[in-house]
Every structure is written in structure tokens, then in C-alpha cells.
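# Tertiary structure, described
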Amino acid sequence: MVSIKDIASACGVSASTVSKALNNHSDISDATKELIRSKAAEMGYRPNAAAQVLKTNKSKNLGVLFVDEAMNGLTHDFFARVLDSFKVTAEKYGYDITFIISHKYGKDGMSYLEHSRYRRFDGVVIACVKFEAPEVQELINSEIPIVTIDYNANERIAILSNNLKGMSMLTQYVIDMGHKNIAYLYGEASLPTTNRLSGFYITMENNKIPVNDNYVREIKYRNMEDAARVTRELMALPVPPTCILYPDDYSSFGGVNALRNMGFRIPEDISVAGYDGIPMAIQFEPKLTTVIQNTVNIGRSAAEKLIGLIEHPRLTAIEQIVIDNELFKGESVGRIG
């Protein structure tokens, strides 16, 4: 392993001069800095991470708390793309990321907060968890810089997808296509679910269309079996819906399969729409009508704001950042009337 002394010997300078040059001290000339940095890169020098932590009190490591209760892990299309954008942005700023292990699985029985302190994370991003859980709240209320995704916490920066506007756009498009008997299958309780439900009800009310309570049903997110079962129940009603809105694109596939097995054509006999805008849905036949969430902006904003809290805490406002979505009209909603 190349040391600072090795670089000093190769450059004919003192070890303290090398240290100052690598840390961009102002009392070292630019020419000397360039010479030392070039020689360090040529020799394959890498600073010792443990030493850097002791010197700067910064680990350059960000924690990611991501607990998918449905056990989809990083196959969860939406959050996988958000976290990929978060990772790419963090790396551009010189940060690594590490997933926080739950106390349920950690061999030392540490809580989320204890794990974060043990790993000396400079900050933590929290997504796709039960935010009301005591151990999550313990972490949120700690001294560690925190950014949440799709959740509002007191005195914490939140990155929010504009779910109310997204569902409003989708519902209005379905109405504009002539539909009034619209079913909405929503996911489990969460801030995104609440906002999407509000967007649906507000848009129906604005268009003076009564909502049939039999058409509004809760199912699990990303659960094709749930979606298929409730779809069959909806189509067995005396007056079935003409369009079914699913909580996400993945669950809509289960609904579509059920409809086709019952002999219905999409969109000739029944219209469907999803939410998220995953690549598979857009390549679906017929192309799925959906709302494309801007996962790149969500992940990038989360990383930039978290790093801002770490490096420039006095200049980084505690705020809610709302990321707008895009309606993809696709081909799965037909015009009627």
C-alpha cells in the first residue's frame, strides 16, 4: 500500500508538504499540488478511510434504510430506480452507500440508530418503511442528518412525488375518454396512497361524477393475485366498471390477466390503467396507460439535499421538495360514449 512517505520520497518533498497538497492547503503552490497529486495518482495512492474519519469526523458513507415489507427487495421497480439515481449522485460527490441492517436480522441485535452510529454514517436516506414504527422514529428524531422519501417528518427534508397531481391527471384523462363508472384499487395506508385517493375523489367531484363505493377497494401494492381476485369481483357486479385504475403497474398485470381469462378485450371491452411508469408497462401490449414517476429526479434530489445537510448545514433549507410526474396515455384506456 502506497503511503504519504512514499509519495514524499518520490517527489523530493516532506511528508507534511504531501499531506497539505492532498488536502488543498493554501500555503502550497498550485504547481507543487499538481506535481504531488499526479505522482500520487500514478503510484495508486488511496487515503486510509479510517484515518480520514479520525481526521475529518466524516466517513463519506451514507446509510440507506429500505425495508420492503412485501419482500420484493431491489426488484421493487419504483424504489430500485430511485435508489439507483441516489447511488449515482452520491458517488459523484465522493460518497459510498450502505444499507442499514434491521435489528431483526443483525447478529448484534442493533437498532437502526445504533447501526447508523456504529457505521458512522454521515447521513441517512429513508424510503419504503413503516415510518410510524418506533425504531424508525428513533432514527428520524436523532442527531443524524436525515432525508425521507414520500414521507413528511418534522424538521426533516422530504422528497415527495406529486401523487395527488399524478392521480388527478390520470383520473381526468379517463373521464375525458368518456368513462364515468371508474373503479380504483388503492394500495395499503401511506402518504402516497392518501394523496392518490384525494386526487381521485377530488377529480371525480370536480367533474360531478358520483363515486360508487363498490368500485373503490383496497389491495396490496405489487400483488398480482390480489389485483386478479378483486378484478373478478368487480366484473361480477350487476353494473361493472368500464375502467379499472390499479395502484401500480405491476399489480395491473394481474388484473389484465384476469380480464383476458374472462374473455374481455382491452381496451375494447374494458379499460385499465396503472401507476409508476415502469419500463415493462410501457412495452406492454396494449401499452399501459400510466403515470410515470420521475425516479431520476427523486433519487438525485434526495442525495443532493442529504449531502447539502452534511457539508453545508447552515445553507441547506429544511423543506419539502415535490417532484412532478408525467401522464403516459398509452393504449389501454379506450374512448366510450
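Residues numbered from 1 in each chain as written. Predicted model: local features only at pLDDT ≥ 70, side-chain atom pairs only at ≥ 80, totals over all residues. Heavy atoms only, no water.

### So, the nonpolar core
For clarity, the cut-off: Residues belong to a common nonpolar core when they are buried Ala, Val, Leu, Ile, Met, Phe, Trp, Tyr or Cys residues joined through side-chain atoms within 4.5 Å. Partly exposed describes any residue whose relative accessible area lies between the buried limit of under 20% and the exposed limit of over 50%, with all areas from a 1.4 Å probe on protein chains only and scaled to the type maximum. The way it works is that DSSP assigns letters per residue, a run of H or I at least four long becomes a helix, a run of E at least two long becomes a strand, and they are numbered from the N terminus. Whether two residues are in contact is decided by their heavy atoms, any of which lying within 4.5 Å being enough.
Among the nonpolar cores identified, the biggest contains 26 residues, and L62, F86, I149 and I159 are the most heavily contacted of them. Elements with a minimum of two residues in this core: β1 (61-66), α5 (77-92), β3 (123-127), β4 (146-149), β5 (157-161), α13 (295-311) and β11 (320-323). Among the elements that make up this core, the one with the highest residue count is α13 (7 residues). Non-local contacts of I149, meaning those with residues more than four positions away in its chain, are made with F79, V82, V125, I126, A127, F131, I159, I298 and A302.

### Considerations on the sheet that holds strand β7 (residues 216-218)
Basically, it comes down to this: We treat two strands as partners when DSSP finds at least two bridges between them. To get an axis, a line is fitted to the C-alpha atoms, and for a helix only the part in contact is used. The angle between two axes follows their N-to-C directions and goes from 0 to 180 degrees.
Read from one edge of the open sheet, 4 strands run β7-β6-β8-β9, paired in parallel fashion. Each edge of the sheet is formed by a strand with only one pairing partner; in this case those strands are β7 and β9 (271-273). Across the sheet, the mean angle from the axis of one strand to that of its neighbour is 15 degrees, orientation sign disregarded. Pairing between strand β6 (residues 182-186) and strand β8 (residues 243-245): 3 bridges, direction parallel. Across the sheet, Y184 pairs through a bridge with L245, a residue of β8. Seen against the sheet, helix α8 (residues 163-176) touches β6, β8 and β9 and runs at an angle of roughly 175 degrees to β8.

### Re the packing of α8 against helix α9 (residues 191-206)
Put simply, the test is: By convention, the crossing between two helices is left-handed when the near helix turns anticlockwise from the far helix through less than a right angle, and right-handed when the turn is clockwise. Throughout this entry, Asp, Glu, Lys and Arg are counted as charged residues, while Ala, Val, Leu, Ile, Met, Phe, Trp, Tyr, Cys and Pro are counted as nonpolar. The remaining residues, Gly among them, count as polar.
Between α8 and α9, whose axes approach to 7 Å, the crossing angle comes to 35 degrees. Read as a crossing pair, α8 and α9 show a hand that is right-handed. For the pair formed by α8 and α9, the contact residues are N163, L164, M167, S168, T171, Q172 and I175 on the first element and P192, N195, R196, S198, G199, F200, T203 and M204 on the second. Its residues assigned to classes, the contact of α8 with α9 comprises 6 nonpolar, 8 polar and 1 charged.

### Re the packing of aromatic side chains
Heads up, the rule is: Ring geometry is summarised as follows: Phe, Tyr and Trp rings, the Trp one being its six-membered ring, pair when their centres sit within 6.5 Å, and such pairs are stacked at plane angles under 30 degrees, edge-to-face over 60 and tilted between the two. Should the NZ of a Lys or the CZ of an Arg lie within 6 Å of a ring centre and within 35 degrees of the ring normal, that charge is described as sitting over the ring.
In total, this model carries 8 aromatic pairs according to the counting rule given. In this structure an aromatic cluster arises from ring pairing among Y184, Y186, F200 and Y201. The positively charged end of R196 is found above the aromatic ring belonging to Y275, 3.8 Å away from the centroid. Positioned above the aromatic ring of Y250, the side-chain terminus of R222 is 4.3 Å from the ring centre.

### Concerning the sheet that holds β11
The strand order across the open sheet formed by 6 strands is β2-β1-β3-β4-β5-β11, and the pairing between neighbours is parallel. Every interior strand has two partners, whereas the edge strands, β2 (96-99) and β11, have only one. On average, each strand axis in the sheet is inclined to that of its neighbour by 20 degrees, with strand direction left out of account. Sheet topology note: the β3/β4 ladder contains 3 bridges and is parallel. Within β4, the position partnered with V124 by the bridge is I146. Relative to β1, α5 is tilted by about 175 degrees, and along the sheet it contacts β1, β2, β3 and β4. Where α13 meets the sheet, its contacts fall on β1, β3, β4, β5 and β11, and the angle it forms with β4 comes to roughly 165 degrees.

### Here's the deal with unusual backbone geometry
Looking along the chain, the bond that leaves I266 and enters P267 is cis, with omega of 5 degrees. Among the secondary structure elements, P267 is positioned in the loop between α11 (249-261) and β9. Note that the residue after E285, namely P286, is joined by a cis bond; omega there is -5 degrees. With respect to the element layout, P286 can be found in the loop between α12 (279-282) and β10 (290-292). Its identity as a non-glycine residue notwithstanding, R120 has a phi of 55 degrees, on the positive side. Relative to the assigned elements, R120 resides in the loop between α6 (112-118) and β3. Under the relative-accessibility criterion, R120 is labelled partly exposed at 42%. Phi at E155 takes a positive value of approximately 60 degrees, unusual for a residue other than glycine.

### A short note on the pattern of salt bridges
Spelled out, the test is: What counts as a salt bridge is simple: a side-chain nitrogen of Lys or Arg found within 4 Å of a carboxyl oxygen of Asp or Glu.
In this structure the tally under the stated criterion is 13 salt bridges. A salt bridge links D27 to K20; the shortest N-O distance between them is 3.1 Å. In this structure, the salt-bridge partner of R117 is E143, at a minimum N-O distance of 3.0 Å. With R117 in helix α6 and E143 in the loop between α7 (134-140) and β4, this pair connects stretches of sequence that are 26 residues apart. Each of R217, D226, R229 and E233 takes part in a single network of salt bridges with overlapping partners.

### Concerning the side chain of T89
Relative to the assigned elements, T89 resides in helix α5. Those residues in contact with T89 that sit more than four places away from it in its chain are R300, A303 and E304.

What is shown is where atoms sit, not what they do.
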